Amino acid sequence: MKNSRGRLFAFTVVVLSFALAFAWWMFHLPYNEAELYRAIPHNADMVSSHADLPSRLMQSAAAGDERSPFWPPAGELGKAMAGSGKLRKAFASPELRGKRSVVAYVRRPGGGNEPAWFFATWLGARGQLMRWSLLWKTPPNLVRVGTDSGYPIWASRPDASNGTVLSFAFVDGMIAGCVSRNPAGVRHALEAYDGHVPSVEAAKLPAYAAPLIPNPNAPDTGWFRSPARPLPGMPHIVAFSFDSIEYPCIRGAFQSDMPLAANTPMAAPADIAELPGQFAGALSAVLVMPSELLAGAMENAPDSMPRASASALIQSGAVAMSNSSIAAGLFLDEFGGRIQLPVGRPRIPALSIAARLGDRERVRQALTLAADIVNGAWRAGLIVTPAGMSPDNTPFFGFEMTSSNTAATPGTDDLPACAIAGNWLVLSSHSQSLQNLLSQPGAGAGPKAAGQIPEWQRLLREKAAGAFFWADLDATGKELDTLLIFAQMGAIPGMKGVNAREIEFARALIRKARTFKAGAAWIEIVNSRPRLHVEIGPAGAPADGGANSATAASNASRHHPL
């Protein structure tokens, strides 16, 4: 009797031990971020890593805030998962807080022509439970579309507007998915995970990009590559990190793997002291850069009268092109310009460029050359008209249009102009704008007004940047939106061929940009590589974007930074 009880006890212990070992084997899935990159095809054009992404997606979908960059995918994901309460709860589980998700964009997955977005999110043991739950009962808005390498695949119903489908599968403690027109697009991720095709992890791209990331502990990091190849066989990588990517504040940085020469012009802080007139205080957007970069910028700019005039000034030696900086500003209201339309002369932004004066005697010759270039390209009939001196004895040069070839001949005030103000040569797209800028004393333009300098100059001095950009997104966006309204009406001759949908899309982007109020970007040199910083949002806005908790948890749990 005792032996029977002993054998029963031993058998029970063995069975329980086996059951516990089986349960541990099934549900003990240690977190390893490198596994996520195995589910990303090697030819991904962009790869990003995000802390606590599922919870942020669901929160964004619940709030329905279109200003959030997570809102569109969250809306699709929310519709696809609406029938699975367990899945929604799992995505929002506190146990996943701080774990990473990898997202990638692939232009040609599997050599096809349809682009796709891939993602891989760590779920741990919950992934096993959710797979069994969906196998037991599939929600009505999901469809079982087969199996690949033993992994069941589910897909959402095709989106009515563009035919995109969300397909996904649960793989060893994570969910791998794909958003594309292919109902089983996630097969490409599964093939990469099983090693049938290369993955970004197998190609060692995450390890190559990791040292380039500006802030490896940021909640959102990643990299993208361009067609340029600085070394044979090595892709050109630009890595990035964002401390915040949600309204009301975007804070991030980009860094390239392309080293710069030690004497790069951007290594020295910009020198723009004592800008003339109202140039510093009245602008709504400004770009400051080394003079040496202007020639390259003009080569890549679209054909226009300001571009032709600036190129002529550079080639003639009228502006200083070494050891100096150039400021390009956008001006509104009384410092802005107007455009001649059949329906009137509405206000539009005016562009002015201020450069250190080179050879004063060559300014008139350069302007005449610029007029000849414009006349040859547009048959505008421009002639240079020295307008004498402004009230503060500033030499002023304007243009007149003698041709009637254009649909709406602008008045003299709507034509470009140029002036010599102290040690600066100022070129403007609108004569009246330039006269207004130079006829009023500068506000915060000089070093004596240190306590009253404009916000953009304060930032420029604080960052000691060689190249810098700042914009009042609200004011500038309002003017551009008004201009696009006239374009929608077909009142702007040069924009009659633009698609109405493209104009509406541009207006939608402008409306979103205006909610951020202001934005700045600047370049610094780190380890001989350029690093571009971006800050978008009102001054003093918190930089965490609601992601500080994700960052803290991420710092404690990351094993494979990207």
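On a predicted model such as this, the values are computed, not experimentally measured, just so you know.

Criteria and thresholds
- Residues numbered from 1 in each chain as written.
- Predicted model: local features only at pLDDT ≥ 70, side-chain atom pairs only at ≥ 80, totals over all residues.
- Heavy atoms only, no water.
- Helix = DSSP H or I, 4+ residues; strand = E, 2+ residues; numbered from the N terminus.
- Buried < 20%, exposed > 50% of the residue type's maximum accessible area, 1.4 Å probe, protein only.
- Contact = heavy atoms within 4.5 Å.
- Pairing = 2+ DSSP bridges.
- pLDDT = per-residue confidence, 0-100.
- Patch = residues over 30% accessible without salt bridge, like charges linked within 9 Å, V, L, I, M, F, W, Y side chains within 5 Å.
- Areas by Shrake-Rupley, 256 points an atom, 1.4 Å probe, with all protein chains shown as cover.
- Salt bridge = Lys/Arg side-chain N within 4 Å of Asp/Glu carboxyl O.
- Axes fitted to C-alpha atoms, helices over the stretch in contact; angles between N-to-C directions.
- Parallel < 35°, antiparallel > 145°, perpendicular 65-115°, else oblique.
- Left-handed = near helix turned anticlockwise from the far one by under 90°.
- Nonpolar A, V, L, I, M, F, W, Y, C, P; charged D, E, K, R; others polar.

Now for the overall build of the protein chain. A tally of regular secondary structure across the protein chain gives 16 helices and 22 strands. Counting over 562 residues, the protein chain shows a buried share of 48%. Pairs at least 24 apart in sequence give 64% of the contacts found in the protein chain among residues at least 6 apart.

At K517, a position not held by glycine, the phi torsion is positive, near 75°. K517 gets classed as partly exposed once you look at its relative accessible area, which sits at 42%. Residue S528 is not a glycine yet carries a positive backbone phi of 70°.

Counting buried positions over the eight residues of strand β10 (residues 249-256) gives seven, a clear majority of the element. Pairing of β10 with strand β22 (residues 529-536), which is carried by six bridges, proceeds in the antiparallel orientation. Within β22, the position partnered with F254 by the bridge is L532.

The next subject is the environment of L293. Turning to its location among the elements, L293 is positioned in helix α9 (residues 292-300). Taking C-alpha positions, L293 is 9.6 Å from A467, a pair spaced 174 residues apart along the chain.

Turning next to the confidence of the model for the protein chain. Residues with a pLDDT of 70 or more make up 70% of the protein chain, whose mean pLDDT is 75. With pLDDT under 50 throughout, residues 70-78 is counted as low confidence; its partners more than four residues away or in other chains account for 21 contacts. Contacts from residues 544-562, a stretch scored under 50 in pLDDT, to residues over four places away or in other chains number 48 contacts.

On to a nonpolar patch on the surface. A grouping of L129, W132 and L135 is seen on the molecular surface, where their side chains present a nonpolar patch of about 280 Å² in accessible area. When you line up the elements, L135 lands in helix α6 (residues 125-136). A relative accessible area of 41% means that L135 is categorised as partly exposed.

The next point concerns the pairing of strand β18 (residues 417-421). With respect to burial, β18 is a largely interior element, five of its five residues being buried. Every second residue of β18 is oriented toward a common face, with A417, A419 and A421 on one face and C418 and I420 on the other, all of them buried. Relative to β18, strand β17 (residues 395-401) is paired through three bridges, and the arrangement is antiparallel. In the sheet register, F397 faces β18, and the bridge partner there is C418. Direction of pairing for β18 relative to strand β19 (residues 424-428): antiparallel, over a ladder of five bridges. If you follow I420 over to β19, its bridge partner there is L425.

Running from amino to carboxyl end, helix α14 (residues 473-488) crosses helix α15 (residues 500-514) at an angle of 165°, the nearest separation of the two axes being 9 Å. The orientation of α14 with respect to α15, classified from their angle, is roughly antiparallel. Along this stretch, α14 crosses α15, giving a crossing that reads as left-handed. Between α14, through L473, D474, G477, K478, L480, D481, L484, I485, A487 and Q488, and α15, the contact on the second element is made entirely by I503, E504, A506, R507, I510, A513 and R514. Its residues assigned to classes, the contact of α14 with α15 comprises nine nonpolar, two polar and six charged.

This paragraph deals with the pattern of salt bridges. Scanning the entire structure with this criterion turns up 12 salt bridges. As a salt-bridge pair, E35 and R38 come within 2.9 Å of each other at their nearest N and O atoms. One end of the pair is E35 and the other is R38, both in helix α2 (residues 34-38) and three residues apart, which spans about a single turn. With relative accessibility at 21%, the residue E35 sits in the partly exposed group. The partner of R507 in a salt bridge is D481, and the shortest N-O contact between them spans 2.7 Å. Here R507, found in helix α15, pairs with D481, found in helix α14; they are 26 residues apart in sequence, far enough to count as distant. The same class applies to R507 and to D481, which are both buried. Bridged by salt links that share partners, the residues E455, R458, E462 and K463 form one connected network.

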